[in-house]
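# Descriptive structure summary
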Amino acid sequence: MKHIYSFIVILFVTASLFGQQQIPNSSFENWTQSGSTLELDSWFSVNTLTPSYPNYGTLRTTDAYDGTYALKLRSGQILIPGMFNDTTALLALGSFPSFEEGPKFGIPFTSKPISCSFYFKYTPGTYPAGVVDTALFYLKLNKNGHSMANAEWIYYGNAVSEWTKVNLTLNYYSDETPDTIYVNFVSSLSGISQFSDSHEPDIPNVIGNELLIDKLELNYNSGLDDNLSLLNKINVYPNPASDFITINNETLNSDILFSVYDIMGRCISSEKLGSNFTYNTKNLNSGVYIIEFKSNQASKQEKLIIQK
């Protein structure tokens, strides 16, 4: 047994030296009972604040793409008296020792992955009616408390009933070696209903939004996924924009779908993308929008800022 343990340690150290670290428990297989809730090892949730758990919250499911289990985030009401009324089911890499100490986001990490990928399913919630909610994945690398790379994915709209792969390129803005990695998943991102005297309308999250995730991986290969690389040949300018944007599509693929969403996740327009394409933004109010390029094999989203 001692020889086996030594061999495992050597493998781990060797992988770290060659910059091949992976996120711990990223296939969501290992769970531990903690009081009245089941928690994912190496990660933390807000299950203890979620009434009606385990109908809602951060859950384990046997509907897995790979292995025995997968992660299921199902939005349900979370109540913190005197502070806010939220409906977010959340999973974050790190630990939550106690309410007095608060959450400890992130873990030590010294590698520089090129991209990351995972598989997902999605079912939109239905209450409140007429509200489109948003699921989110966010990964960030830090050095001495400062961000140096990130990857982000958002999804809203129709149900995705088959396991679907997401490929994301990490955007680096520093050549330094990171010291910490942060990873978050949430099933609802529309907003938090604050308890205040403000007459501004609340933006409700949707109860019942359901996001399934499996097989989260970091990629260190120099050759990125061909489908994602293809979408990275699409360039948008100017950004920020006022009256129009020009989209230069170098993929030579006429089956790419171009869509524009507002910050609430409502689709404003959607159409097939030509080789050189101009989109009129005169009717868009100033603010932040999401544009998406989607092929049969991959999708890519980015922010569009409108300034009038």
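Residues numbered from 1 in each chain as written. Predicted model: local features only at pLDDT ≥ 70, side-chain atom pairs only at ≥ 80, totals over all residues. Heavy atoms only, no water.

Scanning the protein from N- to C-terminus turns up 2 helices and 25 strands. When burial is assessed residue by residue, the protein has 43% of its 308 residues classed as buried. The contacts in the protein between residues at least 6 apart in sequence include a share of 66% that link residues at least 24 apart. Surface accessibility of the protein: about 16200 Å² in total, with carbon and sulfur atoms responsible for 52%. (Helix = DSSP H or I, 4+ residues; strand = E, 2+ residues; numbered from the N terminus. Buried < 20%, exposed > 50% of the residue type's maximum accessible area, 1.4 Å probe, protein only. Contact = heavy atoms within 4.5 Å. Areas by Shrake-Rupley, 256 points an atom, 1.4 Å probe, with all protein chains shown as cover.)

What follows concerns the nonpolar core. Counting residues in hydrophobic clusters, the biggest one holds 37 residues, and the most contacted among them are Phe118, Phe120, Phe137, Val183 and Phe185. The leading source of residues in this core is strand E13 (residues 146–155), at 5 residues. Beyond its immediate stretch of four places on either side in the chain, phenylalanine 120 contacts Trp153, Tyr155, Val160, Glu162, Trp163, Thr164, Val166, Leu211, Leu212 and Ile213. Grouped together as the second largest cluster of nonpolar side chains are 18 residues, Ile234, Val236, Ala241 and Phe277 included. (Core = buried A, V, L, I, M, F, W, Y, C linked by side-chain atoms within 4.5 Å.)

Per the stated rule, a full pass over the model turns up 18 aromatic pairs. Centre to centre, the rings of tyrosine 65 and tryptophan 163 are 6.3 Å apart; their planes meet at 65 degrees, and the pair counts as edge-to-face. Linking tyrosine 65 in the loop between strand E4 (57–61) and strand E5 (70–74) with tryptophan 163 in strand E14 (residues 160–169), this pair joins segments that are 98 residues apart in sequence. On the numbers, 5.7 Å between centres and 65 degrees between planes, the contact of phenylalanine 258 with phenylalanine 277 is edge-to-face. Here phenylalanine 258, found in strand E21 (residues 257–261), pairs with phenylalanine 277, found in strand E23 (residues 276–280); they are 19 residues apart in sequence, far enough to count as distant. Residue phenylalanine 258 shares its accessibility class with phenylalanine 277, and that shared class is buried. (Phe/Tyr/Trp six-rings, centres within 6.5 Å; stacked < 30°, edge-to-face > 60°.)

Turning to the pairing of strand E18 (residues 210–219), a few remarks are in order. Across the 10 residues that make up E18, a large majority, 8, are buried. Across 8 bridges, the pairing between strand E11 (residues 115–123) and E18 is antiparallel. Counterpart to tyrosine 119 in the pairing with E18 is aspartate 214. (Pairing = 2+ DSSP bridges.)

This next bit is on the sheet that holds E18. Here we have 5 strands laid out as an open sheet, ordered E4-E5-E18-E11-E14, and antiparallel in their pairing. The sheet is open, and its two borders are formed by E4 and E14, each paired with just one other strand. Averaged over all adjacent pairs, the angle separating strand axes in this sheet is 30 degrees, with direction ignored. Of the strand pairs in this sheet, E11 and E14 are connected by 7 bridges, and their pairing is antiparallel. The partner of phenylalanine 120 across the bridge, within E14, is threonine 164. (Axes fitted to C-alpha atoms, helices over the stretch in contact; angles between N-to-C directions.)

Before going further, it helps to examine the sheet that holds strand E19 (residues 234–237). An order of E19-E20-E23 is seen for the 3 strands of this open sheet, with the pairing classed as antiparallel. Two strands in the sheet have a free side with no partner beyond their single neighbour: E19 and E23. Averaged over all pairs of adjacent strands, the angle between their axes in this sheet comes to 20 degrees, without regard to strand direction. Pairing between strand E20 (residues 244–249) and E23: 5 bridges, direction antiparallel. Bridging from a neighbouring strand, isoleucine 245 pairs with tyrosine 279 of E23.

Geometric descriptors of this kind do not, in isolation, establish any biological role.
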